[in-house]
Amino acid sequence: MLTYLVTGSISGIGFTNKLNAAIEDLQNQDHEIIDIKYAQSIRRVSALILYK
């Protein structure tokens, strides 16, 4: 199993775009997404993608 970390700001759609691009990139390389864990603070958000 491998992990990929995506981080960004809560405001705006930048984080969503970064997350969608990361998922699409992994899938285009024939990786299987196992799970995505989210964490959020007052100003930042992150997603840890578990894949193989």
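The structure we're discussing is the one just above.
Because the structure is a prediction, the values reported are computed rather than measured.

Reading guide: rules and limits
- All residue numbers refer to position in the chain's written sequence, counted from 1.
- In keeping with the predicted nature of the model, local features appear solely for residues at pLDDT of at least 70, side-chain atom pairs appear and are counted solely at 80 or more, and the whole-chain, interface and lining totals rest on all residues.
- Only hydrogens and water are set aside when side-chain values are computed; all heavy atoms of the structure are taken into account.
- Runs of H or I in DSSP of at least four residues are treated as helices and runs of E of at least two as strands, each being numbered from the N terminus.
- Here's how the labels work: a residue is buried when its accessible area is under 20% of the maximum for its type, exposed when over 50%, partly exposed in between, all with a 1.4 Å probe on protein chains only.
- Here, a strand pair is defined by DSSP locating no fewer than two bridges between the strands.
- Axis angles are defined between N-to-C directions and span 0 to 180 degrees, where every axis is a line fitted to C-alpha atoms and, for a helix, only to the segment in contact.
- Only heavy atoms matter for contacts: two residues are in contact if any of them lie within 4.5 Å across the pair.
- In this scheme, a helix's expected span is set at 1.5 Å multiplied by one less than its residue total.
- The directions considered for the arc run from the helix axis to the C-beta atoms.

Draft legend 1. Representation of the environment of A39 within the structure. Counting through the fold element by element, A39 comes out in strand β2 (residues 33-40). For A39, a relative accessible area of 42% corresponds to the partly exposed category. Distance in space between the C-alpha atoms of A39 and T7 is 9.4 Å, their sequence separation being 32 residues.

Draft legend 2. Geometry of the sheet that holds β2. The strand order β1-β3-β2 describes an open sheet built from 3 strands, whose pairing is antiparallel. The open sheet has two edge strands with one neighbour each: β1 (2-9) and β2. This sheet shows a mean twist of 15 degrees between the axes of neighbouring strands, independent of strand direction. Where β1 lies against strand β3 (residues 44-51), 8 bridges are found, and the strand directions are antiparallel. Residue pairing across strands places Y4 opposite I49, the latter belonging to β3. Across the face of the sheet, helix α1 (residues 14-28) comes into contact with β1, β2 and β3 while running at roughly 160 degrees to β1.

Draft legend 3. Region of the structure containing α1. Over its 15 residues, α1 extends 21 Å from the first C-alpha to the last, a length consistent with the 21 Å expected when each residue adds 1.5 Å. Restricting attention to buried positions, one finds in α1 the residues F15, L19, A22, I23 and L26. Buried residues of α1, viewed axially, fall in a sector of 95 degrees; they line one side. In the core, the buried residues of α1 are packed alongside β1, β2 and β3. One or two residues past the end of α1 sits D30, with phi positive at roughly 65 degrees.

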